Each structure stands twice: as structure tokens, then as C-alpha cells.
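A closer look at the structure
If you want the building blocks of each chain, they are given just below.
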Amino acid sequence: MPSFASAPRRIWRQLARWPTRRLALWLALLLLVAGLLVTLIWLAGRYEADQIQVRVDRDVQDAGGDIRAGLTRNIQSLQALRTNPQQWQADAEELLRSRRELARLEWRDTSFKLIAKAQSPYLNNAQSPLNSRDAPYGDLQLACERARRQSGPMYAPSHFSPANIGQGFELMELCLPLMQSGQHQGYLVAVYGLQAILLEIVAKPLLRGQDFSFTEPDGTRLAIQGTARRGGRMFSGQHILDLPGNTIVLRADSWRVTPDLFPNVLTAVVTLMSIALIGVLILLGRDINRRLRAERELADALAFRKAMEDSLVTGLRARDMEGHIRYVNPAFCAMTGFSAHELLGACAPMPYWPPELIDEYQQRQAVRLSGHLPPREGYESMFMRKDGSRFSVLVFEAPLIDAQGTQSGWMSAILDISEQRRMEELSRASQERLQASARLATMGEMASLLSHELNQPLAAISSYATGTANMLAQPGSASVQDVSHALSRIASQAERAGKVIKSVYDFVRRRESKHEAVTAQSLLDAVMPLVQLQARKLSVQVQVGPLRGLPTVKIDRVMVEQVLLNLARNGIQAMEATSQAQRILYIRAKAIDTQWLEFSVSDCGQGITEETAKQLFTPFFSTKPEGMGLGLSLCRTVVEQHGGSLVFEPNPPQGTVFVFTLPVASTNMAHELPVADLQYGQAS
Ligand code: ADP
């Protein structure tokens, strides 16, 4: 896990990798968002402050209204006081009880002398300094004078009335002129405690959470009432109470209790949203970073893939489900000679299809597009280069699966095998030439045997011819019958010589290699005259069979005859040192299953030493002075070309068995006529 200390370094490293333009854009975005958020928070704060200010202003207006209404109500109650001294006293005391804001009531005559007074029962004498106000003040007298002149209530400026040490009341007096039948009778003076006005007249809910105070116009606080909690920021509202004779300022103070940063829910919501926004920005940044990393990795992977594709010698081609070419690699372009531009988007018939094969290829493509999987080992095809030349290819196809797991087309890998085919053709031709040479070499070896073999019929022909000539030279000694007999002998001997020549000719003649169904019998029939030639020379007895009822084999006849001849010749030659009675060569054939026919050639010769066995099939390995050492290696090649195998094993008590297998042509057994096991002539 990365440590916290390394986090800034990591971020810095990532930033350093960013292009300047992107960095600038991100910085601009961050600054804009930060600016937006600060503005939002500030606006929300201001809105909240305005709201509070409006509320404070409204409250102070309401409180002012309350006070004005309360004072007016009091004036009416005061005017209702009766002017009989006893009754006045009772009424006054009653009024003082019900109106706590009133501290004292006085009834004075026209010369301002006190007639009667009553004091609020809620103020005890010790608290109340009001008793000392028996002597009227100038302010009050002035107010009363003005009240008399205007025949209406008049307030005197407020004044401080000290009570106990350090305490006191701010009082305000109201003077009402008392009139009776248009005659001035005196004055009614009501003394208000300013604080009591705030406490008693202002509606209680307004006092909750804020302070109300009376101040002088210059701001000096005269009385204060309220339960405001002190906070960081104060909101104030003022209302001017314009009373007759006196103007006082009513002020409300409200403190914001919550911290300034989150004045209300709105600001808190905006702040939370801002934090969320910043969080989202950070996540977005991380996501972009991850994407950039993925992009880089993808670019690397793409570059790697491109380098890989460019270095491939295998052609690659992708087709969509409709058969249009969607991708080709440089190797494919080089192979066909067409540019990628010419190939992309192409559909059947493709420009690299030989015109003569278009029908066949179109069918093949239809099969492929219908969803049939091609063989895993690929298939051979012929393509055409842009210059019109043809070349063989090996095509491997596989479904193209996209990121969603659905098949979007076919991907093909194409191998140019024209060079390989050419080499195979060359090797086949040279192999054929080599085999022809081997056959010729065998013939060379047999030339002496041949001359010996031909000697007999030729000598017989010669002696018959000489005899006949002699008979004809002595008239009468030869009958037509004798001559005819001699001529028929000559003819049969000539035919025998011809057969010998033909068998050799047939063998040596280069025939076109082709696979055909051959019976084991006919195979043996073809090589037996030559085997016998060799066998007779070394007094070897050749035994064949049984060959009846064996299935036909599908083989290149010429090649397999050569194999049989080589093995038989080797066997015969190996028995040179064997006692004459034991010189027997067996040639057998049997079906090992429905698919394979097994031929074996066994001799009673000297056998094969371990040393020889190691190199037996190596070309040009021979233990014979005149040997070429090609026989066995060719035999094995031929047998393996037929899909079979050639092995050897000892043939106890002495000798060797060479065994090889050949493929059966069909499961039907060859319906040959039952032929007696052939006993090819014993060596003479
Ligand atoms: P070549 O006959 O010209 O020598 P081959 O390839 O036919 O060439 O045989 C290679 C060698 O294998 C022979 O020289 C011989 O030593 C040995 N060989 C082949 N067949 C036999 C056999 N039936 N018995 C003993 N040795 C054999």
C-alpha cells in the first residue's frame, strides 16, 4: 500500500507527465469551480443575512406598533379616571395594577401642585426613587404646559432615576391636561418605566431570541430587554417612536448563533454540494488518469501488435459476416501484390481469386459464411497475384470473436506454400531419378546373369538352326516334320529369350508413377523372373505363397516391385555362405487386418550384426564390395510413401526376415481364380 507521504509525490509525478495544455485546462477548471463555490457560499451567506435583517426590521416595526398601541390604550384608560379624589385613588391603583409598565400616577392642579398620587404595587418603596419626584421637574412642567396648550397628551424627555447603588430606572413621563366643560382643571401625570414598556407591551414572542432597547438618537442605550444569545454576528433594526413631545428610538439586536460559514441550511447544502462537487472532480480526475493509463497501455499494445503483424511472414486476413475484407496485414499484401487499400472492403469475387476458380471459391465462401467451421489443419487453395501468376496457399480459418463474445467474422492465416510445393516436386523428381538409377544399377548387376540366361536359348536356337541347315544340306535326310519340329523349337527358344529380355525391359523402363489396385499374385508374377535369375546363379530355392484370397493393395506397382526385388536379392546374396540344402528364400503375404497386407521376405543367410543394423537404412551403406548401399533406404522410402512400414528381425535359427506393410485397396477380397501355389523353378 502506498504511504501517505508518497501520495503528493505520486500526484506530482503524474502531473509532470501531463501535457501542458491539459494541465492548464485542469487548473482553469479547478479555479473556476473553486471560484464558483466561494461565490455560491458567499451569496448563500448574504441571502441568509438579508433574510435575518428583514426579519429583525419587521420585528422592530411590530414592536414599535405594539408600543404605540399600548401607549394609546393607556392614554384612553388615563382619561377615563374620575376626578373625585377618592375614586381617583382607587381607579389609579387599579390601573397601576393592570398596567405594569406604569410606575406612578399623579394628579396635579393647574398650578402643578400634587392633589393625589398612586404608585405601582410592583415597585417597593426601597426600589422606587419616584417618591423624590414630588417636586416637578422643568421637563415635565414644560411638557404639561405644551399639553395644556394643545389639549392633548404630551411626553417629557426620559430621564434616569437612580435607585439603589449602581441601579436605577429610565423613566418617561406623560402629561395629560384635565379639562372640564372647556375649563382647565389640572394635569394627570403618568410615569412609565422604559424597560417595563419593553417588557410588558412588546409581544413576548418578539422578545425571544433578540434584544429590544430604547436608545437616544445618538445611540445611547436607555433601556434594554430581551433574551438574545450572544453570537458572532449582530443584526440590528431601528424604529423611531415619534411620540408627542418626545422621540425615542426603538432598536432590536439579533445575534447569529451558528458559525458564520454555515449561516443556514441553504449555505450548508451549498457547501455540502460543493464538497461533493470537489469529490466528483477528484474522482473524475482519477478516472481520467486511469483512462490515460489505459490509453497508454492500449497504444503500447497496439504498437506491439503492429510490429508483430508487420514482422509476420504469415498473411492475415479478416472478413466480416458478409464476406467483406476488413483487415489484411503487410505479409498478405506482399503475397498477393495488392495494396491494403485495394483489398479492404473487397468482397467476392476477391481480386486474388483466379478467374477459373471463382465459382468454386464462391461456393466455399458461402459454406463458410453459413457458419461451417473449416478443418483445423487448414485447407489448400490457389491464389492469384496481381501480375496474374498463381501460387498455392494453405489457409487456416477461425471465427473472429469480438469483445462482447459474439462472432463478427472470420480470421484467416495464409501460408504461401508455392516454394514448398516446388521443392516437393523437385525432391519427387530426383527421388524418381534415383530409383531409376537404382533399377539400372540392379540391371547392370544382372547383365552377366542375363547373358548367361540368354546364352541357353540362343545356343539352342543356334544348334537347332545349324542342325536344320545340315539336314537341308543333305537332301533326303530331313523330313518336313523334322524341319518343322526344329523350327518350332527355334521359335519357342526365341520366345523364351524374348520373355527374358521383356521382363528386364519392363522393369527398367521408366513408367509414370500411379497408384493402382494390384493383387499380391500379379505383383510376385512381375518380379519372379528377375528373382529367379539371381536365385539360379546362387542355387537358391525360392518359395512363394500362399497368396490365394488376399485383398488387392493400392500401390505404385513399379516401386513396390523394386522393393520386393531388392529384398529378395539381398536375401539371396546373404545366403552365399549357407549350405546349399538350406538356401531357401521365402516370400509370403498375409492380411493383418482389413486395411493392411503384410509381405515378408525371409532368408537363411548370415543374419545382420548389431553394427550393421545401426546403419542398415543409411543411404550408401553397404558391406558388399560392389554394393551401392541404396537398396534398403529406397525400400523404406517407398513403403513409407504408401503409409506402411518396413522392419526386419532375425529369422531363427539363422537368417533375417524383412517385413513390410501395404494398404489394402478396398475391403472387398479380390476374387481371384484359385491358383495353385506357385513353385517357382528350383535353381538349376
Ligand atoms: P547393397 O545391397 O547395395 O549393399 P542395401 O541397402 O540393399 O545395399 O543393403 C545394405 C546392407 O545391408 C548390405 O550391404 C548388407 O550388409 C545388409 N543386408 C541387407 N539385407 C540383408 C540380409 N537379408 N541379410 C544380411 N544382411 C543384409
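Since we're looking at a predicted model, the values are computed, not measured. (Residues numbered from 1 in each chain as written. Predicted model: local features only at pLDDT ≥ 70, side-chain atom pairs only at ≥ 80, totals over all residues. Heavy atoms only, no water.)

Attention shifts here to the pattern of salt bridges. Within this structure, the stated rule accounts for 25 salt bridges. A salt bridge links Arg-290 to Asp-287, with the nearest nitrogen and oxygen atoms 3.7 Å apart. Within this pair, Arg-290 and its partner Asp-287 are both found in helix α7 (residues 265-311), separated by three residues, close to a single helical turn. Looking at Asp-287, the relative accessible area reads 27%, which means it is partly exposed. Ionic pairing is found between Arg-385 and Asp-416, a salt bridge with its closest N-O pair at 4.0 Å. In this pair, Arg-385 is assigned in the loop between β13 (379-384) and β14 (390-401) and Asp-416 in strand β15 (residues 407-416), connecting sequence segments 31 residues apart. Assessed through its relative accessible area of 33%, Asp-416 is described here as partly exposed. Each of Arg-104, Glu-106 and Arg-108 takes part in a single network of salt bridges with overlapping partners. (Salt bridge = Lys/Arg side-chain N within 4 Å of Asp/Glu carboxyl O. Helix = DSSP H or I, 4+ residues; strand = E, 2+ residues; numbered from the N terminus. Buried < 20%, exposed > 50% of the residue type's maximum accessible area, 1.4 Å probe, protein only.)

Right, let's talk about the site of the ligand for a bit. Close to the ligand lie 19 residues, the nearest being Asn-570, Asp-603, Ser-622, Thr-623 and Lys-624. Here an oxygen atom of the ligand and a side-chain polar atom of Lys-624 are 2.6 Å apart. Within the backbone of Gly-631, a nitrogen or oxygen atom sits 3.4 Å from an oxygen atom of the ligand. Computed on the free molecule, the ligand has an accessible area of 540 Å², of which 96% lies beneath the protein chains in the complex. Those elements that place two or more of their residues in the shell around the ligand are α14 (557-574), α16 (631-641) and β22 (656-669). (Near = heavy atom within 4 Å. Polar contact = N/O pair within 3.5 Å; in protein donor to acceptor, adjacent residues only side chain to side chain. Areas by Shrake-Rupley, 256 points an atom, 1.4 Å probe, with all protein chains shown as cover.)

For the rest of this paragraph, the subject is the packing of helix α13 (residues 520-537) against α14. Viewed as axis vectors pointing N to C, α13 and α14 meet at an angle of 30 degrees, and their least axial separation amounts to 9 Å. Considering the relative orientation of α13 and α14, their crossing is right-handed. The residues of α14 that touch α13, namely those facing Ser-522, Leu-523, Leu-524, Ala-526, Val-527, Leu-530, Val-531, Gln-534 and Ala-535, are Arg-557, Val-560, Glu-561, Leu-564, Leu-565, Ala-568, Arg-569, Ile-572 and Gln-573. Partitioning the contact of α13 with α14 into residue classes produces twelve nonpolar, three polar and three charged. (Axes fitted to C-alpha atoms, helices over the stretch in contact; angles between N-to-C directions. Left-handed = near helix turned anticlockwise from the far one by under 90°. Contact = heavy atoms within 4.5 Å. Nonpolar A, V, L, I, M, F, W, Y, C, P; charged D, E, K, R; others polar.)

Turning to the environment of Met-321, a few remarks are in order. Following the sequence through the fold, Met-321 ends up in the loop between β11 (315-320) and β12 (325-328). Setting aside residues up to four positions removed in sequence, Met-321 forms contacts with Leu-369, Gln-407, Ser-408 and Gly-409.

This paragraph deals with a positive patch on the surface. Together, Arg-9, Arg-10, Arg-13 and Arg-286 give the surface a local cluster of positive charge. For the positive patch, the element with the highest residue contribution is helix α1 (residues 6-17), accounting for three residues. Its place among the elements puts Arg-286 in helix α7. (Patch = residues over 30% accessible without salt bridge, like charges linked within 9 Å, V, L, I, M, F, W, Y side chains within 5 Å. Lys, Arg positive; Asp, Glu negative; His and termini not counted. Charge placed at Lys NZ, Arg CZ, Asp CG, Glu CD.)

What follows concerns helix α4 (residues 138-150). If you check α4, its first and last C-alpha atoms are 18 Å apart, about what 13 residues at 1.5 Å a residue would give, namely 18 Å. Ser-151 sits one or two positions beyond α4 and adopts a positive phi of about 55 degrees. (Expected span 1.5 Å × (residues − 1).)

Applying the stated rule across the entire model yields one disulfide. One disulfide in the model links Cys-144 with Cys-175; its S-S distance is 2.0 Å. Between Cys-144 and Cys-175 the sulfur-sulfur dihedral comes to about 110 degrees; the bridge is accordingly right-handed. Here the residue Cys-144 occupies a position in helix α4, and Cys-175 occupies one in strand β5 (residues 168-180), the gap between them amounting to 31 residues. The class of Cys-175 is buried, set by a relative accessible area of 0%. (Disulfide = S-S within 2.5 Å.)

Okay, the packing of α14 against α16 next. Packing of α14 against α16 brings their axes to within 9 Å, and their N-to-C directions diverge by 145 degrees. Of the two elements, α14 crosses α16, and the hand of that crossing is left-handed. Contacts from Met-559, Val-560, Val-563, Asn-566, Leu-567 and Asn-570 in α14 reach Gly-631, Leu-632, Cys-635, Val-638 and Val-639 in α16. Among the residues making up the contact of α14 with α16, the classes are represented as eight nonpolar, three polar and no charged.

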